[in-house]
Amino acid sequence: KYTILPSFIALALAFSVQSVNAKKKPSATAPVPSEQSTESPLNKKDQKKVTRAHHLAEKSANTEFLKSPEGIGFKNLITSAEQEINAVYEKYLNIFREDPATEKGKMMRAERNRQLQLLTQKIKKAEADYENLKKTSPAYRDMVEKHLKSELNQLKGKLKSQSPEEEEDGNP
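Residues numbered from 1 in each chain as written. Predicted model: local features only at pLDDT ≥ 70, side-chain atom pairs only at ≥ 80, totals over all residues. Heavy atoms only, no water.

**Looking at the overall build of the protein**
A count of helical and extended segments in the protein gives 5 helices and 0 strands. The order of α-helices and β-strands along the protein, N terminus first, is α-α-α-α-α. Expressed as a percentage of the 172 residues in the protein, the buried residues total 30%. Of all intrachain contacts in the protein linking residues separated by at least 6 positions in sequence, the fraction that spans at least 24 positions is 71%. (Helix = DSSP H or I, 4+ residues; strand = E, 2+ residues; numbered from the N terminus. Buried < 20%, exposed > 50% of the residue type's maximum accessible area, 1.4 Å probe, protein only. Contact = heavy atoms within 4.5 Å.)

Here's what the structure looks like:
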């Protein structure tokens with residue numbers, strides 16, 4: 001329903017690039033913990049795991065933000081608009097009985113379409129406002145950082161536990 005995927009992919013790639021660049025030179029402004037900066041460069045599989053960790057952190061933060069008062073307000077706004085859309089469909093339930101060639105049928109369809117278009121625009125505006133709030137909200141950024149730190153710590157533990165196994169598998 002929300003269009004955060006393109007912006008999230010860019011965000012995940014930016015974090016991945018920052019963590020890879022942190023290996024080359026430490027950056028004081030990087031929001032990602034550079035715990036992996038002392039390790040060897042990540043292979044393609046590990047980079048996917050880091051990207052996945054960023055995705056999970058964003059998803060968890062979004063869920064948590066939706067439970068906040070701001071998120072609940074937007075959910076209620078969208079829910080009420082969806083209920084209005086259902087009411088419009090119910091109001092014009094018998095529109096199929098009217099012949100589209102008659103004036104009454106044309107007027108009913110035009111009015112229904114106009115109302116639905118206004119309500120759809122209302123929902124799109126609410127979703128856009130919600131996305132803008134997420135981008136500007138320091139609370140949301142804190143949530144993302146908290147979840148990202150947790151996900152990267154889990155990933156770091158998994159990578160450490162897999163490293164000895166990989167070395168054992170490589171030596172006959």
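**Looking at the packing of aromatic side chains**
Evaluation of the coordinates by the stated rule reveals 3 aromatic pairs. A centroid spacing of 5.9 Å and a plane angle of 40 degrees characterise the contact between phenylalanine 65 and tyrosine 130, whose relative ring orientation is tilted. Taken as a pair, phenylalanine 65 in helix α2 (residues 44-66) and tyrosine 130 in helix α4 (residues 103-136) lie far apart in primary sequence, 65 residues in all. An identical accessibility class is assigned to phenylalanine 65 and tyrosine 130; each is buried. (Phe/Tyr/Trp six-rings, centres within 6.5 Å; stacked < 30°, edge-to-face > 60°.)

**Thoughts on α4**
An ideal rise of 1.5 Å per residue puts 50 Å on 34 residues; α4 measures up with 49 Å between its terminal C-alpha atoms. Turning to α4, its buried residues number three or more, namely Gly105, Met108, Arg112, Gln115, Leu116, Leu119, Ile123, Ala126, Glu127, Tyr130, Glu131 and Lys134. (Expected span 1.5 Å × (residues − 1).)

**What about α2?**
Between its first and last C-alpha atoms α2 spans 33 Å; for 23 residues at 1.5 Å apiece the expected length is 33 Å, and the two agree. Of the positions making up α2, those classed as buried are Asp46, Val50, Ala53, His54, Ala57, Glu58, Ala61, Asn62, Phe65 and Leu66.

**A word on the nonpolar core**
By size, the foremost hydrophobic cluster in this structure holds 11 residues: Ile78, Ala81, Ile85, Val88, Tyr92, Ile95, Met108, Leu116, Leu119, Ile123 and Ala126. Contributing elements (two or more residues each) for this core: α3 (69-91) and α4. Ranked by the residues each element gives to this core, the list is headed by α4, at 5 residues. Filtering out sequence-adjacent residues up to four positions away, isoleucine 123 remains in contact with Ile78, Ala81, Glu82 and Ile85. (Core = buried A, V, L, I, M, F, W, Y, C linked by side-chain atoms within 4.5 Å.)

**Remarks on the environment of glutamate 151**
Turning to its location among the elements, glutamate 151 is positioned in helix α5 (residues 138-170). With relative accessibility at 16%, the residue glutamate 151 sits in the buried group. In the structure, glutamate 151 is positioned 98 residues away from alanine 53 in sequence and 5.4 Å away in space, judged by C-alpha atoms. Setting aside residues up to four positions removed in sequence, glutamate 151 forms contacts with Ala53, Leu56 and Ala57.

**A few points about the pattern of salt bridges**
The tally for this structure, following the rule as stated, stands at 5 salt bridges. Here lysine 146 ties to glutamate 64 by a salt bridge, and the two come within 3.4 Å at their closest N and O atoms. Of this pair, lysine 146 sits in helix α5 while glutamate 64 sits in helix α2, and the two are 82 residues apart along the sequence. Given the relative accessible area of 48%, lysine 146 is considered partly exposed. We classify glutamate 64 as partly exposed; its relative accessible area is 27%. Residues glutamate 131 and lysine 134 are paired through a salt bridge, measuring 3.6 Å at the closest nitrogen-oxygen approach. Within this pair, glutamate 131 and its partner lysine 134 are both found in helix α4, separated by 3 residues, close to a single helical turn. (Salt bridge = Lys/Arg side-chain N within 4 Å of Asp/Glu carboxyl O.)

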